[in-house]
Amino acid sequence: MVNHNSEHDRFGMADTGNVPRSPRSAVPAPHPQSGFCYRYIPFLVLLVTLFLSYQTWKNTRLLTQQELQLNFDHHTKAAYDNIIRRMAAYEQVLRGVQGFFEASRSVSKHEFAMYIATLRLEESYPGIQGIGFAPQLRHDRKAAHIAAMRAEGFHSYTLWPVGTRRQYAPVIYLEPTNERNRKVFGYDLLSESSRREALERARDNGTAALTAKLQLVQEGSRNPQPGCIMYLPVYRHGSAHRSIEQRRAELAGWVSAPFRMNDLMVGILGPQNDTLDIEIYDGNEISDKALLYDNDTARHTSGPAPRFQSRRSIEIGGRQWTMITSSMPGFEKTVHKRELTLVAVASIGGSLLLSLITWLLVSARSNALRAAYNARLTAHALQEAEKLAQIGHFDYDPRSDKTYWSEGLERIWGLEPGNHYRQFKEFLATVHPDDLQIILDSDADKSWHETNNEYRIIRADGEIRHIYSYGYRESAPDGTITRVFGINQDITERKRAEEAIIRSRDYYLQLLENFPSLIWRAGLDGKCDYFNRTWLAFTGRSMAQELGYGWAEGVHADDLPACLSTYYAAFESRRSFTMEYRLRHHDGSYHWIVDHGSPHLDAEGCFIGYIGSCYDINAQKNAELALKETHEQLEQRVAERTAALTEANQQLLESRTLLKNTQQQARLGSWSWDIASDRMTWSDELYAIFGWSRDLAAPGYHQHGMLFTPHSYACLAGR
């Protein structure tokens, strides 16, 4: 409750004498009017009720018309906003392609096609026919350009329409590649005036430019649609283009987006319906020549004019469109004439019925009884509402220095109902001592007209309840307070729920504090606002040192750029991330850790930052490094051993070659004998000495000996 006027501005200081009545009960009873002929009352009631019925029907009809107008305005604005948003989105797509070209020194047809494919135009941007690129080409470069394009495999490529012009802008890229878009390949955009005007405007202004109404080259002769094209200039990589002269000198070409208007508007506004007719004209002229789009395919040239019509101008790419929205019969049928008829019948019937009832019940007594009943019904409804909402109201009259308490207010305080008037000191006695100053300060402040407070009370049964109080003052022109009233609401359950949430939050925070891994948390600005005890113990730093971006001071200098890049990229896209980096330990050494971060959401699922956990993987990293070092050492030893074997093998081959050459020069042959298998091995020279063919196998030892003379064999055997 709120208190005012120190001595007299109180909310309840009452004895029961001269008690002000509740505002709900202060309804004066009607007095019988003497000398009036009661028999005319029903006719008077009939006239009044018929007049009121007519006014009701008239107001209902007016409200229906107003509702229909609002509905029409809403749909018109929605269509207008959809066109603006969608065309801005298409311009943004072109800006992405423009940036793709200006950020690259050159873009191949394959790279362009891959980029456009990632945009998924047909799914994400319905109505756009494709994205194209046309370079600016001087006349002296025409032949070289055609030759280069044919060298790339486009053997029939040429610029068209045929003619000599100072500059050309041939379409060399247009994706997606389909039958309709292939027709545009090589078409010179500067050969046609509408396109040329938009191209030059885009070039000189450095902004998007939309053409006037035209027919796209892609269109065939069957059911052609009006079209338009949006262009954006592309300047050379790294060039400055602040002035018109610079933009003209550094122009590399244009990116473009052609639109078929019917397809475009169906994608923006949805399929045709019979409620609204939307017509879009190029410029301010309203004519068939300027008509870009008409969703009902029929102009309002005859018949009754539409009930509602709106005309709006749309500025897109430096080009003005005029959108005319008209209601159609389907929209105008939404006026519920049947409801108006029912209102009229019901009102007239009610008038007749009320007149009949008045005729039967006209009397001062019956009227008084009915008024009393209605008052009781209203009071009962108010009591039930206060009971359900746990609300009570008060009303203070400074003139009588009395405050009225409703039954709802008494129920909240746990008091016996019925004694609606209490003194302010009784109220103060129920306020919790820790919150008493809130009431006293509000009472002392005389400047407010509306105020609200929260405080606690102690009920008679000892239970503590939380109260929300809202009060309002009424004052006379001289500043004297004439009335103070307001409501009090029991918010104990809400406070208990809030306290439970706080306890739950503290519990989980305690869990994080003692968690064995390193825990961090960042807010919406990307700055860290919390580190758990494990983190601080690991780094040996204080919370104040780590907050914000202070934690980055502990990241190894070689790992910091990649660490921050990963963190910022994930934060921008609000996705989880995992990264490894080295973090300085409290002993001064750097430990490898793996950091897992995830978006942090509140209870309603709204993004409020990031939370992450880190694990020390230094031992694992050291083991990996040791294993890598051992592997490298083994590979080095194998390489050394292989080199040694290669060298020894080379020496052996050289020795064999030397021996063979020596034997040939000295007419010497060599042989060897494997005793176990009795196999002989002859050198090539020995085959030559004995005159044996090299195709024959060497003989056994005994046959070998028979080739010598008896004397020589005896010497051989003796040896």
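Worth saying up front: this structure is predicted, and the values here are computed from it rather than measured. Within each chain, residues carry numbers counting from 1 in the order of the written sequence. For a predicted model such as this one, the threshold for reporting local features is a pLDDT of at least 70, and the threshold for listing and counting side-chain atom pairs is 80 or more; totals across whole chains, interfaces and linings nevertheless cover every residue. Heavy atoms throughout the structure, all of them, feed into the side-chain values; hydrogens and water do not.

A. Region of the structure containing the layout of surface pockets. Approximately 770 Å³ is the volume attributed to the largest pocket. Only protein atoms enter the 1 Å grid, on which a cavity is a set of points fitting a 1.4 Å probe that cannot get out and a pocket is an open set with protein on both sides within 12 Å along at least 5 of 7 lines, lining residues being those with an atom within 4 Å of a point. Along the wall of the largest pocket there are 29 residues; nearest its centre are Phe133, Pro135, Gln136, Ile172 and Ala252. Every helix listed is a DSSP run of H or I at least four residues long, and every strand listed is a run of E at least two residues long, numbered separately from the N terminus. No other element matches the 4 residues that helix α4 (residues 142–151) contributes to the lining of the largest pocket. For the lining of the largest pocket, a count of residues per class yields 15 nonpolar, 7 polar and 7 charged. Grid points are joined across faces, edges and corners, and a volume is the space filled by probe spheres set on the points. Polarity classes work like this: nonpolar for Ala, Val, Leu, Ile, Met, Phe, Trp, Tyr, Cys and Pro, charged for Asp, Glu, Lys and Arg, and polar for all others, with Gly in that last group.

B. Spatial organisation of the nonpolar core. Working definition of a nonpolar core: buried Ala, Val, Leu, Ile, Met, Phe, Trp, Tyr and Cys residues. They are joined through side-chain atoms within 4.5 Å. Throughout, exposure labels follow a simple rule: accessible area from a 1.4 Å probe, protein chains only, divided by the maximum for the residue type, with under 20% read as buried, over 50% as exposed, and the rest as partly exposed. Counting residues in each nonpolar core, the largest one holds 46 residues, and the members touching the most others are Ile83, Ile131 and Trp321. Counting residues per element, this core draws most heavily on helix α1 (residues 41–102), which supplies 9 residues. The contact criterion used throughout is that any non-hydrogen atoms of two residues lie within 4.5 Å. In this view, isoleucine 83 contacts Met265, Ile268, Leu269, Ile280, Ile314, Ile316, Trp321 and Met323; residues no more than four positions away in its chain are not counted. Core analysis: the next-biggest nonpolar cluster, separate from the first, contains 24 residues, Trp520, Ala552, Tyr581 and Cys614 among them.

C. The sheet that holds strand β12 (residues 391–397), seen in detail. Here, strands pair whenever DSSP counts at least two bridges between them. Spatially, the 5 strands line up as an open sheet ordered β13-β12-β16-β15-β14, and their pairing is antiparallel. The open sheet has two free edges, formed respectively by β13 (402–405) and β14 (450–458), since each of these has just one partner strand. Strand after strand, the sheet turns through a mean of 20° between neighbouring axes, direction not considered. For β12 and strand β16 (residues 481–490), the ladder comprises 6 bridges, and the chain directions are antiparallel. Along β16, the bridge assignment pairs glycine 392 with asparagine 488. Angles shown run from 0 to 180 degrees and are taken between the N-to-C directions of axes, each axis being a line fitted to C-alpha atoms and, for helices, limited to the stretch in contact. On the sheet, helix α14 (residues 436–444) packs against β14 and β15 (464–475) and is oriented at approximately 150° with respect to β14.

D. View of the packing of aromatic side chains. Classification of ring pairs uses Phe, Tyr and Trp, with its six-membered ring standing for Trp, and accepts pairs whose centres are within 6.5 Å; under 30 degrees between planes counts as stacked, over 60 as edge-to-face, and the remaining range as tilted. One pass over the full model with this rule turns up 29 aromatic pairs. Here phenylalanine 101 and phenylalanine 112 contribute two aromatic rings whose centre-to-centre distance is 5.7 Å and whose plane-to-plane angle is 50°, an arrangement assigned as tilted. Here phenylalanine 112 lies in helix α2 (residues 109–119) and phenylalanine 101 lies in helix α1, a separation of 11 residues in the sequence. This pair shows no difference in class: phenylalanine 101 is buried, exactly as phenylalanine 112 is. Aromatic side chains tryptophan 520 and tyrosine 567 sit 6.1 Å apart centroid to centroid with 70° between the ring planes, which places their arrangement in the edge-to-face category. One end of the pair, tryptophan 520, is in strand β17 (residues 518–522); the other, tyrosine 567, is in helix α18 (residues 560–573), and 47 residues separate them in sequence. The pair formed by tryptophan 520 and tyrosine 567 is uniform in burial state, with each residue classed as buried. Taken together, the ring pairs connect Trp520, Tyr549, Trp551, Tyr567, Tyr568, Phe571, Phe577, Phe607 and Tyr610 into an aromatic cluster. Here, over-ring charges are defined by two tests on the NZ atom of lysine or the CZ atom of arginine: distance to the ring centre within 6 Å, and angle to the ring normal within 35 degrees. Arginine 483 extends its terminal NZ or CZ atom over the ring of phenylalanine 485, reaching a point 4.1 Å from the ring centre. Residue placement shows lysine 621 over the ring face of tryptophan 592; its charged tip is 4.7 Å from the ring centre.

E. Representation of empty space enclosed by the protein. For the structure shown, the criterion picks out 2 cavities of 30 Å³ or more. For the largest cavity, the calculated volume is near 100 Å³. Lining the largest cavity are 13 residues; nearest its centre among them are Val184, Leu189, Gln218, Ile229 and Pro258. Among the elements of the structure, β6 (227–235) and β7 (251–260) are those that each provide at least two residues to the lining of the largest cavity. Its residues placed into classes, the lining of the largest cavity shows 10 nonpolar, 2 polar and 1 charged. There is about 70 Å³ of room inside the second largest cavity. Lining the second largest cavity, in full, are Trp520, Cys528, Phe531, Trp535, Trp551, Tyr567, Met579, Tyr581 and Asp595. Secondary-structure elements contributing two or more residues to the lining of the second largest cavity are β18 (528–531) and β19 (577–584). Across the lining of the second largest cavity, the residue classes tally to 8 nonpolar, no polar and 1 charged.

F. Representation of the sheet that holds β19 in the model. The strand order across the open sheet formed by 5 strands is β18-β17-β21-β20-β19, and the pairing between neighbours is antiparallel. Either end of the sheet is taken by a strand with one partner, and the two such strands are β18 and β19. Going from strand to strand, the sheet's axes swing by 25° on average, the running direction of each strand aside. Relative to strand β21 (residues 607–616), β17 is paired through 5 bridges, and the arrangement is antiparallel.

G. Here's a closer look at the side chain of arginine 203. Relative to the helices and strands, arginine 203 resides in helix α6 (residues 193–205). The class for arginine 203 is buried, based on a relative accessible area of 12%. Residues in contact with arginine 203, not counting those within four places in the same chain, are Pro233, Tyr235, Arg247, Arg248, Leu251 and Trp254.

Without other data, these values stay purely geometric and don't point to any function.
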